[in-house]
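Coordinate inspection notes
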Amino acid sequence: MPARHTARPSRTRAIFWLLRDVTWPSLRRHRLRSVLTLVGVVIGVQLFVTIRLINRATLGTFTRTIETIAGTADLQITNGDFGVPEALVERIASVPGVASASGLVKGTLRTQHGALTIFGVDLFADQRLRETQFPRRHVHIADELRFANALDSIALASPWADQAGLALEAAFDVTGPAGPARLVARGTLDPIGPTTLFGGAVGLADLPTAQRLLGRDGRVDEIDIALAVDADRSATTTRLAIVAAGFGTLADPRDRNGGFTGMLGGLGAILGITSMIGLTVGSLLVHHAIRSAILQRRRALAVARAIGYRRVAVVAAIFVEAAGFGVVGALVGVVLGIGAARLSIDLVTAAVGVIWARGGQASVELETVDVLIALATGVGSAVVAACGPAAAAARLEVVTQLRGTADRSRASMGWPAIAFGIALCAAGFGFFATVARWSSYSIQITALAAGMVVLTFGYAVLAPVVLRVLVAAVRMIAPRRALGLCLALEHLARDPVRCRGTIGALMAAFAFVLCVSAFVASLGGTILTWVDQAVAADLYVSAGPDLPLPTALPLPGELEPEIAAIPGVERVVPLRIILAPINGWTAAIRSQPVDQFRFRPFPIVESIGADYLDAFARGDAVILSENLALRFGAHAGDTVALDSPSGRLTLQVAAIVLDYTMDIGTLMLDLGAYRRYWHDPLVTSFMVFLDADGDPATVRDAISERLSPRHLVTIITGGEFKRNVAGAIDGAFVLTYAIELVAAVIAGIGVLNFFLAEIVDRRREIGLLRTVALDRAQLLRTLVSEAMVIGACGGLLAIAWGWPLARVVVTHSTRLVSGWRLGFAFPWTMALAMPVVVALTAGLAAWLPARATARTPLRRLVGVE
Amino acid sequence: MTMNAVTLRDVAKIYRRGVRDVVAVQCVSLAIPRGQFVALMGPSGSGKSTLLNMIAGLDSPSSGEIHVDDVALSMLGDDELTDLRRTTIGVIFQLFNLLPSITVAENVALPLRAAGVVAGVRERVTQALSAVGLQERMDHFPEELSGGEMQRTAIARALVIEPTIILADEPTGSLDSETGGEILATLRRCVDERGVTVLLVTHDEAAAGWADRILGMRDGRCESGNLRRAALV
């Protein structure tokens, strides 16, 4: 070999010139398609970024709230919603190594100007901690002694006070858990620290005032502890743990987001799956777009190969192009992701607030790592999507392309491809099958996610086979005179493989829609059935419009006899629900009289025996929801330890039942036992049962008439309660519905992109058809028919993929995330309409490029490229 | 180094079409000396383009040996074959195969860029375009050229790497006779002035008349040729 043949020019330079001379001009020439390719990456990344930011902002709002309130506290003692005895503050302060300890209560009051969060602190206690939470220079109280002595004093955040028109010494009415009260603004707070939380609707009161308003007599929500500078942290923590044992959990406030992470885990997992499916759809779209681009460029690439560009340079240029789309798409996706997150964060936190826990104002903040992950996601998905087209370019038949007589390339759908598709599907189902075998939650979630992605691609690989079968079936029934449809079918039958990416994107997007609908139907169906079985009442009386959950304002327990005395009322069942730490996990404690459990028993999974309610009635035993029992591996007969104001309780598990109060799990206690141990007279909601003559509307009016002057009460009927439950479920999925729409738009863009590429690619063929046979309308019908058949195929596959996907999400994912056992409900009506809906969507998306083609002058169609 | 630019020994090419084999080229042996203009004639489907593609390393023979500049192509991998095309062999196609979105000069510069040449690209491109009389059109796009100009651009693209061999596959097939004559005259000059070996595939006898030697192909077999031009001179 002559020496001059062995020269190795710079590969990078060769790639650069290929990009400059072949790729870039092609991208510029097909601007719309290039933009649509970019859109595929953008939407995938944007979904990913939005969901990541929302997840973090939602969690961050709780973490930030805790940390801001805690100030510089080194340690904190908390005990869920109930709090810890106030008397503990002094004992904690006297522990060696503790520099300062102070109690704090926090709660929400209703005012005519909206919700007001008040903090109650001991204004005359050690100021070292308070100084970091409510610095003296930012708390403006003219007469501190008067402020503390008058039990109606409050200092209001100045922006909120200004907005509400409350000047100093102005009086205003509030309603809290202890009933109505009148407060007087006797000070202002600068918007610093905790005053900036909860939208700035914050007030500060002396501890006794806040305790009275919030019904926390003798209790504080948390004890903040500052350690002495020279204290041995470990030894002091041990001493504090001994003192706090039985009363609450001792923890670093910065570690307290763990409970919220668990509480929001369900939402996070659902959003995570949503994001992954969005990425998969985007990736399929990009795959198809790059494949189309390479098809269009194959002759130029053949020329490049013929005149001296190596195969590796051609392949590398394709990957660089894909990576370029990935980078640009990721950056645009990040920007749009931030915008979408900011637009939807309020919706999400509102939904979270109703069901899980109220936090402050969530703020969406972008970190460098988000951009890096978005870049990796965008580039990664684009490069993976480019693998197939790059392999096709590597196999390019140079001679055939250069002859200029080459027909449009037709990838074969041989047995190896079918076997590969089947293998992918088998692997996907295999991942699903192994989920239950893993003990690690993260491995289970990973196996689920891997199964979903692999199965999506498996179905996409097999899509041409399904298309071929569909085309054969439609051919049998298509009328011969429907020329457009017949030509479309003929074309699809000739080369079904080219539609793979488009069908895959349609399938994934609409399968996702089916999956979400199935999940919501299953969740709603199961919960509403359970409501009917276990918690249905004729009327519900509570302090606010929200559901009877820990987030709702409580009412005084002494209202029970007043309600019971109203004519038409047969029974009143007080219900108390609070959040509390159980074995380090935040769960709900649901307390109601044992008689209610006898009247409407929860569906039992296991129990210690038929007389399990006897032990429960004595207060020696609890009932666990199945999801909480699963989390702890608890069974009937086991014991569970609970910290209560009466000290640590060790109670037997009398039964495990199906309960859907909260996905974090519920521990049920007899209300009498709860009040005995917790000294808590408040009630979250009164369930009212009417006698045979009781008319719901009349009784509701009577209750309202009796309680409204003193208490802000909301009375809803059983039907309204169920509608509220359904509304809360819908609210939790509001973002998911929006993402469903985005997925459908992505799929529509996929079809549009496909036809833009197709029309360029088939210009001569279309020109020939126009020359010899078709008028413009027929050509339009041919192209739209083709799109509709592709859409119908995507719709059919969406059912075939959506059903197992939904089944896995409803049964496996939900049980993994929340421990809930859901009855599977698949929206068959929607599913059966899916092929028609997707066909119409595809037809609509193809309409514009098809119309433009039909209007293109014939000389341009048959002209040389 | 031998006197032959191209040597073929018992070269055959068989394509598989479904269950049957189609013999495109069978047992062709020939030698093309350096600096000779050879025309390969034959009817459509006789295998002449297939033979040319195999010599260019764009296709591989089913059996037999092809040597280009004393190098056995069967010994070369895909990258080495690419190197051979970017340094030794210039290929000209019937359909020009110019990239429509870049200028004439950029089309001509493509092989140099593929070879990693950085210095003097502009000069070499100008020189190649001057050789085909297109230096005035270097900043035009292919769609602004006539058919003859496009083919001359393709020749300039082949010449710019200063090849020792030019393989031309029916370069005048898409052109009128006058323009075709200009193209063939250009190729002739390459042989006469630069000592380049040219293998021209054509089914046009007038085009073959520009060659030193004409080889015939029929049903994949090569028929003996004669030194037409040598006889003329």
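Quick note: structure is the one above.
Residues numbered from 1 in each chain as written. Chains lettered and ligands numbered in written order. Predicted model: local features only at pLDDT ≥ 70, side-chain atom pairs only at ≥ 80, totals over all residues.

Quick notes on the overall build of chain A
What counts, and what does not: Helical segments are the DSSP runs of H or I of at least four residues, strand segments are the runs of E of at least two, and each set is numbered from the N terminus. Our contact criterion uses C-beta atoms placed from the backbone: two residues qualify when those atoms are within 7 Å.
Along its length, chain A carries 30 helices and 24 strands. Of all intrachain contacts in chain A linking residues separated by at least 6 positions in sequence, the fraction that spans at least 24 positions is 85%.

Brief notes about unusual backbone geometry
Heads up, the rule is: Around each residue's C-beta, the other C-beta atoms within 10 Å are counted; 20 or more make the residue buried, 12 or fewer make it exposed, and counts in between make it partly exposed. All C-beta atoms are placed from the backbone.
A positive phi is found at glutamate 169 of chain A, a non-glycine position, where the angle reads about 75 degrees. Inspection of the secondary structure assignment puts glutamate 169 of chain A in the loop between helix H6 (158–164) and strand S7 (171–176). For glutamate 169 of chain A, a count of 9 C-beta atoms within 10 Å corresponds to the exposed category. Look at glutamate 162 of chain B: it is not a glycine, yet its phi comes out positive at around 55 degrees.

Details of the interface of chain B and chain A
Formally: When residues are sorted by character, Ala, Val, Leu, Ile, Met, Phe, Trp, Tyr, Cys and Pro go into the nonpolar class, Asp, Glu, Lys and Arg into the charged class, and all the rest, Gly among them, into the polar class.
The partner chain A presents 26 residues to the 30 residues of chain B that form the contact. For the side of chain B that touches chain A, the secondary-structure elements that each account for two or more residues are helix H2 (78–87) and helix H3 (104–114) of chain B. No other element matches the nine residues that H2 of chain B contributes to the side of chain B that touches chain A. The class makeup of the residues in the side of chain B that touches chain A is twelve nonpolar, seven polar and eleven charged.

Examining the packing of helix H16 (residues 441–477) of chain A against helix H28 (residues 776–817) of chain A
Residues and elements named next belong to chain A. Note the cut-off: Here an angle of 0 to 180 degrees is reported between the N-to-C directions of two axes, which are lines fitted to C-alpha atoms, with helices fitted over the stretch in contact. Orientation labels follow simple angle bins: below 35 degrees gives roughly parallel, above 145 gives roughly antiparallel, 65 to 115 gives roughly perpendicular, and whatever is left gives oblique. Crossing chirality is assigned from the near helix's rotation relative to the far helix, an anticlockwise turn below a right angle marking it left-handed and a clockwise turn marking it right-handed.
Across the interface, H16 lies against H28 with an axial gap of 8 Å and an inter-helix angle of 160 degrees. Viewed along their axes, H16 and H28 adopt a mutual orientation that is roughly antiparallel. Remark: the crossing between H16 and H28 carries right-handed chirality. Residues that form the contact of H16 with H28 fall into these classes: 22 nonpolar, four polar and no charged.

Focus on the sheet that holds strand S2 (residues 20–33) of chain B
Residues and elements named next belong to chain B. Spelled out, the test is: In this description, strands pair whenever DSSP reports at least two bridges between them.
In spatial order, the strands read S2-S1-S4-S5; together these four strands make up an open sheet with antiparallel pairing. The sheet is open, and its two edges are formed by S2 and strand S5 (71–72), each paired on a single side. Judged from the five bridges that link them, strand S1 (residues 4–17) and strand S4 (residues 63–68) form a sheet pairing that is antiparallel. Each bridged residue has a counterpart across the sheet, and for leucine 8 the counterpart in S4 is isoleucine 66.

Description of the environment of threonine 639 of chain A
Residue and element names in this part refer to chain A. Here threonine 639 shows up in strand S19 (residues 639–644). Exposure remark for threonine 639: the 12 C-beta atoms within 10 Å place this residue in the exposed category. The sequence separation of threonine 639 and glutamine 652 amounts to 13 residues, and the corresponding C-alpha distance is 4.3 Å. Sequence-distant contacts of threonine 639, defined by excluding residues within four places in its chain, comprise Thr650, Leu651, Gln652 and Val653.

What about the nonpolar core?
The nonpolar side chains of a soluble globular protein tend to be buried with one another. Stated precisely, the cut-off is as follows: Joined through C-beta atoms within 7 Å, a set of buried Ala, Val, Leu, Ile, Met, Phe, Trp, Tyr and Cys residues constitutes a nonpolar core.
Grouped together as the largest cluster of nonpolar side chains are 226 residues, with contacts concentrated most on Met507, Phe510, Leu514 and Ala798 of chain A together with Val198 and Leu200 of chain B. Among the elements that make up this core, the one with the highest residue count is H28 of chain A (20 residues). Contact partners of leucine 514 of chain A, with chain neighbours within four places excluded, come to Ala798, Ile799, Gly802, Ala806, Pro827, Met830, Ala831 and Met834 of chain A. Core analysis: the next-biggest nonpolar cluster, separate from the first, contains 64 residues, Val541, Ile589, Phe602 and Met662 of chain A among them.

Honestly, it's all geometry; don't read function into it.
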